[in-house]
Amino acid sequence: MAEVWGVYEGLKLSSSRGFGKVIINIHSKRVISAILNKENSGDFNLALIRQIRVLMAKHDVVKIDHTFCEANSVADELAKVGRRLKTGCKVYDEVSDFLSNLLHRDSSGLSILRVVAV
């Protein structure tokens, strides 16, 4: 459910800042399916999913990609920070020192290996 809220808050923020094109990287394939209306799961707040769809329609382009958390260490670290927040949402206008190395690793394609059954 936290990932659904993250998508919602991210789309609200990108809309308020006038971003027309957005790429969303999500770890949970179930969240992607729920947003894209491929899954009618009771696990997610349907009203929140509808609001996400409304926000998506306000953007010119919204691309949703599945990304393993190992390949998106910045988002993984920010999620950990978010869990420690008492309330609300924290917006970083600049890359903080603790994220700069992770951002470099993510952008260069370096990641931790993960074994995935196929």
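Residues numbered from 1 in each chain as written. Predicted model: local features only at pLDDT ≥ 70, side-chain atom pairs only at ≥ 80, totals over all residues. Heavy atoms only, no water.

> Looking at this model, I keep getting lost on the nonpolar core. Mind explaining?
Soluble globular proteins: nonpolar side chains tend toward being buried together. With 18 residues, the main nonpolar core has Leu11, Ile26, Ile35 and Ile52 as its most contacted residues. Counting only elements with at least two residues in this core, the list comes to helix H1 (2-16), strand S1 (21-26), helix H2 (29-35) and helix H3 (46-57). Top contributing element to this core by residue count: H3, with five residues. Those residues in contact with Ile52 that lie beyond four places of it in its chain are Val4, Val7, Tyr8, Leu11 and Ile35. (Core = buried A, V, L, I, M, F, W, Y, C linked by side-chain atoms within 4.5 Å. Buried < 20%, exposed > 50% of the residue type's maximum accessible area, 1.4 Å probe, protein only. Helix = DSSP H or I, 4+ residues; strand = E, 2+ residues; numbered from the N terminus. Contact = heavy atoms within 4.5 Å.)

> How do you make sense of the pairing of S1 when you look at a structure like this?
In regular strands, side chains alternate between the two faces of the sheet. Where burial is concerned, the two faces of S1 differ: the one with Val22, Ile24 and Ile26 is buried and the one with Lys21, Ile23 and Asn25 is not. Both S1 and strand S2 (residues 61-66) contribute to a ladder of six bridges, which runs parallel. Its bridge partner lying in S2, Ile26 is registered against His66. (Pairing = 2+ DSSP bridges.)

> It is not clear to me how the environment of Ser15 should be interpreted in this structure. Could you clarify?
Along the polypeptide, Ser15 turns up in helix H1. A relative accessible area of 30% places Ser15 in the partly exposed class. For the pair Ser15 and Met56, spaced 41 residues apart in sequence, the C-alpha separation works out to 9.0 Å. In contact with Ser15, other than residues within four places in its own chain, are Lys58 and His59.

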